[in-house]
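Each chain, letter by letter, is given below.
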Amino acid sequence: MRNFGVKLKLAKEFVGFTGNSPEFRSLFEKKDLKYHNVYSALDIRNAKLKLMKVDTSTLQPVTSAPPIINCRMAKGGTGKTTICGGVASALSMMGYKVLMIDGDPQASLTGLFGINWANEDIIHIGELMLKHSRKEKYSIEDAIRPLYAGNMLDLIASDISLANTDSWLMGVTNREFSFKKFIDANISFFEKYDVIMIDSAPSTNLLTNTFMCACKKILAVVWLDGQSLKAMQVLASNVNELNEAFHSNDFHLDVHIVANGYHPSYGSCKDAISILVSSYPDQLNNNVIPHAASFMRQVELFEDENSGTVLEREPNSTASRSIIDLTKSLIKEYGIKLSGIQVI
């Protein structure tokens, strides 16, 4: 469990509170809260519900799958893991219960949160799906790594053996919808989250396709260079193929694009932005993520447990602010609700 919280200024922003600090502190059951105190994701969630005058004891189960934000790109090195982990952390600190799924055998998302997959016993999403497909007993809870208290941020980790998933998916009927079937069969588990975030592998394979077919909208992370722009075309083609293949099933997949790695001194970044604006005018997020050293400092080289998102490590940085602003826009873009309630 990670002992992470934000200080007063960010806590007030995340709750959406505009009153004075003493009034804000009165929202919490903790005594003697002072400026230097930190507020956890669960604190912020409870404060939001209190401001909304929601009686949590009367809340009814949502009984439907939460929105899925699938971070995807047809090449590596675009920063999709940084965006996935950063947005997940920010969503949680804004009071939303988040389940992250590391869908990449490289396990970069797992490592971002300080888990050394090489030394730990990992139950990944491929193993859970396989047991479900074979009608064998399994427990999703056994795969969960709780990161923030109160199930505010949970992770289904990954390791290199996830790469074997394609070998058994090959023999599954209607395999492209295997992940959706898995979610639907376990709706009582997944409904407790407000959003699911997936860090997909860059390669186009059966596993990445089945993740895509469970979504309504891919979050494409595009680094601002020529190779990533070409990879965006490949991803768009992949999406079109899936839409054409399954249109009779009322399936339609959209794409929402985040431009990443902007540096004002690089003319290539400006050119890439222009191309994205002209090629995908209705699919491009208004927030552009900067090229920042803070992102490079997220992963510790020798102390894995100290790795963490930019919001955790440098909450007052420009990089952290860009992730916060992106997250706020994605709440609206994906229709994410707090315990089934739309927060304006």
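Residues numbered from 1 in each chain as written. Predicted model: local features only at pLDDT ≥ 70, side-chain atom pairs only at ≥ 80, totals over all residues. Heavy atoms only, no water.

Peer 1: It is not clear to me how the nonpolar core should be interpreted in this structure. Could you clarify?
Peer 2: Nonpolar side chains in soluble globular proteins tend to end up buried together. Judged by nonpolar contacts, the single largest core of 59 residues is most densely connected at Phe14, Phe24, Leu91, Met93, Met100 and Met197. In terms of residues, this core owes the most to one element, helix H4 (residues 80-93), which gives seven residues. The next biggest cluster of nonpolar side chains, apart from the first, holds 55 residues, and it includes Phe179, Phe182, Ile183 and Phe190. (Core = buried A, V, L, I, M, F, W, Y, C linked by side-chain atoms within 4.5 Å. Buried < 20%, exposed > 50% of the residue type's maximum accessible area, 1.4 Å probe, protein only. Helix = DSSP H or I, 4+ residues; strand = E, 2+ residues; numbered from the N terminus.)

Peer 1: Looking at this model, I keep getting lost on the side chain of Asp102. Mind explaining?
Peer 2: Looking at the secondary structure, you find Asp102 in strand E2 (residues 98-103). Engagement of the side chain of Asp102 in a polar contact is seen with the backbone nitrogen of Asp104, the distance being 3.2 Å. Residues contacting Asp102, with those up to four places away along its chain left out, are Ala107, Ser108, Leu109, Thr110, Ile125, Leu155, Ile156, Ala157, Ser158, Leu162 and Asp199. (Polar contact = N/O pair within 3.5 Å; in protein donor to acceptor, adjacent residues only side chain to side chain. Contact = heavy atoms within 4.5 Å.)

Peer 1: In this structure, what is going on with the pairing of strand E4 (residues 153-156)? I would like to understand it.
Peer 2: Two faces belong to every sheet, and in a regular strand the side chains alternate between them. Side chains of E4 alternate between two faces, with Leu153 and Leu155 and Asp154 and Ile156 buried alike. Relative to E4, E2 runs parallel, the two being bridged by four bridges. Across the sheet, the residue bridging to Ile101 is Ile156, located in E4. As paired elements, strand E3 (residues 144-148) and E4 share four bridges and run antiparallel to each other. Paired with Tyr148 across the bridge in E4 is Leu153. If you look at the hairpin formed by E3 and E4, you'll find four residues sitting between the two strands, and Gly150 has a positive phi there, around 80 degrees. (Pairing = 2+ DSSP bridges.)

Peer 1: Explain the packing of helix H6 (residues 125-133) against helix H9 (residues 178-185) here, please?
Peer 2: Two quantities define a packed helix pair, namely the angle between the axes and the distance from one axis to the other. Here H6 crosses H9 at 75 degrees, and the two axes come no closer than 10 Å. Between H6 and H9, the angle is such that the two are roughly perpendicular. Facing H6, whose interface residues are Ile125, Leu128, Met129 and His132, H9 presents Ser178, Phe179, Lys181, Phe182 and Ala185. In terms of residue class, the contact of H6 with H9 is made up of six nonpolar, two polar and one charged. (Axes fitted to C-alpha atoms, helices over the stretch in contact; angles between N-to-C directions. Parallel < 35°, antiparallel > 145°, perpendicular 65-115°, else oblique. Nonpolar A, V, L, I, M, F, W, Y, C, P; charged D, E, K, R; others polar.)

Peer 1: I keep staring at the pattern of salt bridges and nothing clicks. Help me out?
Peer 2: When the charged atoms of two side chains lie near each other, side chains of opposite charge can form a pair. One pass over the full model with this rule turns up 14 salt bridges. Residue Arg45 pairs with Asp194 through a salt bridge whose shortest N-O separation is 2.8 Å. Of the two residues, Arg45 sits in helix H3 (residues 41-51) while Asp194 sits in the loop between helix H10 (187-190) and strand E5 (195-200), which places them 149 residues apart along the sequence. The residues Arg45 and Asp194 share a single accessibility class, namely buried. Close ionic contact of Asp199 with Lys80 constitutes a salt bridge, the shortest N to O distance being 2.9 Å. With Asp199 in strand E5 and Lys80 in helix H4, this residue pair connects regions lying 119 residues apart in the sequence. On the basis of relative accessible area, Asp199 is assigned to the buried category, the value being 0%. (Salt bridge = Lys/Arg side-chain N within 4 Å of Asp/Glu carboxyl O.)

Peer 1: Help me understand the state of the cysteines in this model?
Peer 2: By definition, a disulfide links two cysteine residues through a covalent bond between their sulfur atoms. Tallying each qualifying case throughout the model produces zero disulfides. Cys84 forms no disulfide, and the closest cysteine sulfur to it belongs to Cys71, at a distance of 4.0 Å. Looking at the unpaired Cys215, the closest cysteine sulfur is the one in Cys213, lying at 8.6 Å. (Disulfide = S-S within 2.5 Å.)

Peer 1: Explain the pairing of strand E7 (residues 254-262) to me, please; I cannot follow it from the model alone.
Peer 2: Among the nine residues that make up E7, seven are buried, leaving the element largely enclosed by the rest of the structure. Pairing of strand E6 (residues 217-223) with E7 involves seven bridges; the strand directions are parallel. Bridge assignment links Val222 to a residue of E7, and that residue is Ala259. Here E7 pairs with strand E8 (residues 284-290) via four bridges, running parallel. Counterpart to Tyr262 in the pairing with E8 is Pro290.

Peer 1: Looking at this structure, I do not really get the sheet that holds strand E1 (residues 68-72). What am I missing?
Peer 2: Strands in a sheet are paired, the pairing made by backbone hydrogen bonds, and the direction either parallel or antiparallel. Read from one edge to the other, the open sheet built from eight strands follows the order E3-E4-E2-E5-E1-E6-E7-E8, with strand pairing classed as mixed. Either end of the sheet is taken by a strand with one partner, and the two such strands are E3 and E8. Direction aside, the axes of adjacent strands within the sheet are offset by 25 degrees on average. Where helix H16 (residues 318-333) meets the sheet, its contacts fall on E6, E7 and E8, and the angle it forms with E8 comes to roughly 165 degrees.

Peer 1: I'm lost on unusual backbone geometry in this one. Help?
Peer 2: Comment: phi is negative for the bulk of residues other than glycine, and the bulk of peptide bonds are trans. In this model, Lys53 sits at a positive phi of 55 degrees, which is unusual for a non-glycine residue. Within the secondary structure layout, Lys53 lies in the loop between H3 and E1. Given the relative accessible area of 75%, Lys53 is considered exposed. The phi torsion at Ala107 lies on the positive side, around 60 degrees, for a residue other than glycine.

Interpretation in functional terms is not warranted from these geometric data alone.
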